[in-house]
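Listed below, chain by chain, are the residues.
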Amino acid sequence: MTPEELAVLIRSALESAVNVGTLALDPADIPDPVKVERPRNRDHGDWATNIAMQLAKKSGMNPRDFATVLADLLGAHEGIDAVEIAGPGFINIRLAAASAGELARTIVESGSDYGTNSSMAGTHINLEYVSANPTGPVHLGGARWAAVGDSLARLMRACGAEVTREYYFNDHGSQIDRFARSLYARALGQEAPEDGYGGQYIADIAERVRTDAAAAGEPDPITLPEEEAIEAFRARGVELMFGEIKERLSSFRSEFDVFFHEDSLHESGAVDRAIATLRERGEVFDEGGAVWLRTTTYGDDKDRVLIKSDGQAAYFAGDVAYYLDKRERGADSAIYLLGADHHGYIGRMMAMCEAFGDTPQVNMQILIGQMVNLVRNGEPVRMSKRAGTIVTLDDLVDAVGVDAARYALVRVSMDSNLDIDLDLLSSRTNDNPVYYVQYAHARTCNVARNAAEHGVNREAGFNPAALDSPADADLLGKLAQFPAQVAQAAELREPHRVARYLESLAGAYHAWYGQCRVTPRADEAVEESHVARLWLNDATTQVLRTGLDLLGVAAPERM
């Protein structure tokens, strides 16, 4: 019996008590789902609920009396071994071994569907993350968003949501001009402009632009008049940088459904249409030759310029048009994953959302991520050999690999600063969290192989009551928590919860492995307990594999 099934049973018992008049309660007051938790002290049972304390007052009863009525009903169920009332009205529930053990069958037969749910079904989410300027390699902060954003998309899809993973290319504005001029300068053998971009990658791209021109039978860009040359470096250089960013992110297992170009908002007239929409709603005004959005109406500290007095669109105008475009493409909720330097941007964005008649934190959500630092030999890793001034995604992957990099970037809450110890992540010890979890999965696979060699197989039948040891119960209880962890991680936008859960599951499995046998000893015959524990072992394999996949991390079968 899963905690979700137990919650349904408790709710059903409450509804029955109401129907026969044992409890004087409005059925609408019964929460759905009923909250069921794992007791901190396992001596108190397998699961606990405080529903009696939640509803007793509404029914005009003392919480313990309310709990007694519910306990009697639950205790009559064949899958429940004992029900006890503790303190002011807590209900502690101990499952029968067969009922608890059935979870192993449920997981194995459900496969990768175990842990999924429909809590977000019918919701279309536009999830935008990374969105680096196309002027250089993906830096370490972008790498964090690549791992977190992709994992979050996987989690929300596991909860039934339709998710569009989107990358926003900031290819409109002064940063592209500086990028093009930097390429031109390096092609001429000069240093980049003072406000330009440095690093070996600029020289590499500049050389590639010239090589591609020669291959196409076109003149060398440096032989053209300066402005034509700069435009040639801009067009081809941005294209090459785009391609490299996409390739690096794909290699990092961070795929996107849409690559949206900021420049298209201005070329298509989307900016003008968005401003016209806001003007029709009475949210736009003209002053000093500029066009303004009255964001102070919705809590912003000052109104924001959309069109400057020189007729040029302000950067915020692109944000306005982009949000409306997402909504018009069917997104019920637009989620932005932004870096720490964007914290001051939240107020105006939420005000803009409300100006369109939408609801902040519902139709628009903004998640802010904090800085990432690499440490090696106890010292910070300062900069990339290739990028020159920053540490990049490639630097991290080159040092520890994709699996360790993704796991390390996801396992800490995104709103916390993150120091990544490269020495630890490169080690093959239990102190390395990704190794600890992956090794647990590999161990389950090895146990299954050994079981097959000793004639233990699941086809021999399954007696869930044979999973009767405390270690069995502990592991089953941990496996039972997986669906709730997935749902909570998606709802709270916190994929790190899955990583921490997997580490606790790995710990429970390693402890179980030390106490329970799947294969018989040399002088033993295959018994029901061996077969039942193979089912439990394989259920653990499935949950570890599914959980790692939600984080975009491989589940190796041998290590």
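In this text the structure is predicted, and so the values were computed from the model without any measurement. (Residues numbered from 1 in each chain as written. Predicted model: local features only at pLDDT ≥ 70, side-chain atom pairs only at ≥ 80, totals over all residues. Heavy atoms only, no water.)

Participant: Can you walk me through the pairing of strand 7 (residues 284-287) in this structure?
Facilitator: When a strand is regular, its side chains alternate between the sheet's two faces. Here strand 7 pairs with strand 8 (residues 290-293) via four bridges, running antiparallel. By the bridge assignment, phenylalanine 285 is partnered in strand 8 with tryptophan 292. The antiparallel hairpin formed by strand 7 and strand 8 contains two residues in its connecting segment, where glycine 288 sits at a positive phi of about 65 degrees. (Pairing = 2+ DSSP bridges. Helix = DSSP H or I, 4+ residues; strand = E, 2+ residues; numbered from the N terminus.)

Participant: Which parts of the structure should I look at to understand the UniProt feature "domain: DALR anticodon binding" (unreviewed entry) in the chain?
Facilitator: Those residues carrying the UniProt feature "domain: DALR anticodon binding" (unreviewed entry) are residues 437-559 in this numbering. Along residues 437-559 one finds 66% helix and 0% strand; the C-alpha atoms at either end are 11 Å apart. (UniProt positions renumbered as here; feature names shortened; annotations may be inferred.)

Participant: Just to check I follow, could you spell out the side chain of glutamate 503 for this structure?
Facilitator: Tracing the backbone shows glutamate 503 in helix 19 (residues 496-515). Of the polar contacts made by the side chain of glutamate 503, one reaches the side chain of arginine 411; its length is 2.8 Å. Discounting residues that sit within four places of it in the chain, glutamate 503 has contacts with Tyr407, Arg411, Pro433, Tyr436 and Val437. (Polar contact = N/O pair within 3.5 Å; in protein donor to acceptor, adjacent residues only side chain to side chain. Contact = heavy atoms within 4.5 Å.)

Participant: Just to check I follow, could you spell out the nonpolar core for this structure?
Facilitator: Across soluble globular proteins, nonpolar side chains have a tendency to be buried as a group. Counting residues in hydrophobic clusters, the biggest one holds 144 residues, and the most contacted among them are Ile10, Leu127, Val130, Met156 and Ile420. With eleven residues, helix 5 (residues 140-158) is the largest single contributor of residues to this core. Sequence-distant contacts of leucine 127, defined by excluding residues within four places in its chain, comprise Gly149, Leu152, Ala153, Met156, Val163, Thr164, Arg165, Glu166, Ile335 and Leu337. In terms of nonpolar packing, the next biggest core, distinct from the first, is built from 33 residues, Leu278, Leu306, Phe316 and Cys353 among them. (Core = buried A, V, L, I, M, F, W, Y, C linked by side-chain atoms within 4.5 Å. Buried < 20%, exposed > 50% of the residue type's maximum accessible area, 1.4 Å probe, protein only.)

Participant: It is not clear to me how the UniProt feature "domain: Arginyl tRNA synthetase N-terminal" (unreviewed entry) in the chain should be interpreted in this structure. Could you clarify?
Facilitator: Mapped onto the present numbering, the UniProt feature "domain: Arginyl tRNA synthetase N-terminal" (unreviewed entry) falls at residues 4-95. Along residues 4-95 the backbone is 41% helical and 17% strand, and the end-to-end C-alpha distance reaches 14 Å.

Participant: Looking at this model, I keep getting lost on the sheet that holds strand 3 (residues 90-95). Mind explaining?
Facilitator: Note: strands within a sheet are paired through backbone hydrogen bonds, in either parallel or antiparallel orientation. Spatial strand order, 1-3-2: three strands in an open sheet with antiparallel pairing. Only two strands of the sheet have a single partner each, and these edge strands are strand 1 (47-49) and strand 2 (80-86). The mean inter-strand angle of the sheet, taken between neighbouring strand axes irrespective of direction, is 20 degrees. Summarising the sheet, strand 2 and strand 3 pair through six bridges and their orientation is antiparallel. Within strand 3, the residue paired with valine 83 across the bridge is isoleucine 93. (Axes fitted to C-alpha atoms, helices over the stretch in contact; angles between N-to-C directions.)

Participant: Just checking my understanding: could you explain the domain arrangement of the chain for this structure?
Facilitator: Often, the extent of an interface is quoted as the loss of accessible area on bringing the components together. Domain parsing of the chain yields domain 1 (3-95), domain 2 (129-267 + 370-426) and domain 3 (430-551). Distance from the C-alpha centre of domain 1 to the C-alpha centre of domain 3: 29 Å. The interface of domain 1 with domain 3 comprises five residues on the first partner and seven residues on the second. A buried area of about 440 Å², summed over both sides, lies between domain 1 and domain 3, and 49% of it is on carbon and sulfur atoms. (Domains from an automatic or database assignment. Buried area = accessible area lost by both parts, 1.4 Å probe.)

Participant: What should I look at first to understand the packing of aromatic side chains in this one?
Facilitator: Two aromatic rings are characterised by how far apart their centres lie and by the angle between their planes. Counted according to the given criterion, the structure contains 21 aromatic pairs. Considering the side-chain rings of tyrosine 168 and tyrosine 322, the 4.1 Å spacing of their centres and the 15 degrees angle between planes classify their relative orientation as stacked. Taken as a pair, tyrosine 168 in strand 5 (residues 162-169) and tyrosine 322 in helix 11 (residues 315-328) lie far apart in primary sequence, 154 residues in all. Each member of the pair tyrosine 168 and tyrosine 322 is classed as buried. (Phe/Tyr/Trp six-rings, centres within 6.5 Å; stacked < 30°, edge-to-face > 60°.)

Participant: Is there a simple way to think about helix 4 (residues 97-110) in this case?
Facilitator: For an α-helix, the turn length of 3.6 residues means that residues three or four places apart are oriented alike. Between its terminal C-alpha atoms helix 4 stretches 20 Å, which fits the 20 Å expected from 14 residues at 1.5 Å a residue. Buried residues of helix 4: Ser99, Ala100, Gly101, Leu103, Ala104, Ile107 and Val108, and no others. Buried residues along helix 4 sit in contact with strand 3, helix 17 (470-480) and helix 20 (528-550). Looking one or two residues past helix 4, glycine 111 carries a phi angle of roughly 60 degrees, positive in sign. (Expected span 1.5 Å × (residues − 1).)

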